[in-house]
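A look at the structure
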Amino acid sequence: MVFSVEQEKFQETVLEVLKDLKEGQVRLEMKIDKLEVRMDRLEDRMDKLEEKVNKLDARVSGLEEKVDKLDARVSGLEEKVDRLDARVSGLEEKVDGLQQDMNILKERTEAIEEQVVENTEMLTEIKESMEYLEHKENSNEKAIYKLKQKLKKEA
């Protein structure tokens, strides 16, 4: 078969296109191979990330449980603090009342002490007066006795 020049040129063009297509196919296959390797690596990384996420998820769940427990404890402690605050307020009121009572008792004690001092002074004065009177009485009795003795001698 004899080909015309045009047919030969056409055939050469087709062969060149086929050659270019073959080279393009080889390049594409190389790129595909590289992409597959990269995809494998990415899948490995994704698996590792998924493992980490699962571990973190488990830790988060554990931490959430701990937070819930701590929250319950804090709530309980807040309630206790509120009750203690109420008790402290009540005790403060009692202390204030007792302080007032103590001040009243202190004033009364001071008044009684003043009365005791006054009464002691009065008793001291009475005692001294009684001693004076006893002394006077003894002196008077002696004087009467002496007078009686004198009168007996004279009689």
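Residues numbered from 1 in each chain as written. Predicted model: local features only at pLDDT ≥ 70, side-chain atom pairs only at ≥ 80, totals over all residues. Heavy atoms only, no water.

Now for the overall build of the protein chain. Counting secondary structure elements, the protein chain contains one helix and zero strands. Taking 2.2 N^0.38 as the reference for a compact globule, 155 residues should give roughly 15 Å; the C-alpha atoms of the protein chain span a radius of gyration of 63 Å, well beyond that estimate. Considered along the principal axes of its C-alpha atoms, the protein chain spans approximately 215 × 25 × 20 Å. For the protein chain, the separation between the mean place of its 30 positive charges and that of its 41 negative charges on side chains is 8 Å. (Helix = DSSP H or I, 4+ residues; strand = E, 2+ residues; numbered from the N terminus. Rg over C-alpha atoms; globule rule 2.2 N^0.38 Å. Lys, Arg positive; Asp, Glu negative; His and termini not counted. Charge placed at Lys NZ, Arg CZ, Asp CG, Glu CD.)

With that out of the way, let us pick up a negative patch on the surface. On the surface, Glu-107, Glu-110, Glu-113, Glu-114, Glu-118, Glu-121, Glu-125, Glu-128, Glu-131, Glu-134, Glu-137 and Glu-141 cluster together into a patch of negative charge. Note that Glu-110 resides in helix 1 (residues 5-154). (Patch = residues over 30% accessible without salt bridge, like charges linked within 9 Å, V, L, I, M, F, W, Y side chains within 5 Å. Areas by Shrake-Rupley, 256 points an atom, 1.4 Å probe, with all protein chains shown as cover. Salt bridge = Lys/Arg side-chain N within 4 Å of Asp/Glu carboxyl O.)

Together, Phe-10, Val-14, Leu-15, Val-17, Leu-18 and Leu-21 make up a nonpolar patch on the protein surface, roughly 580 Å² of accessible area in all. Among the secondary structure elements, Leu-15 is positioned in helix 1.

Keep in mind that these numbers describe shape and distance, not what the molecule does.
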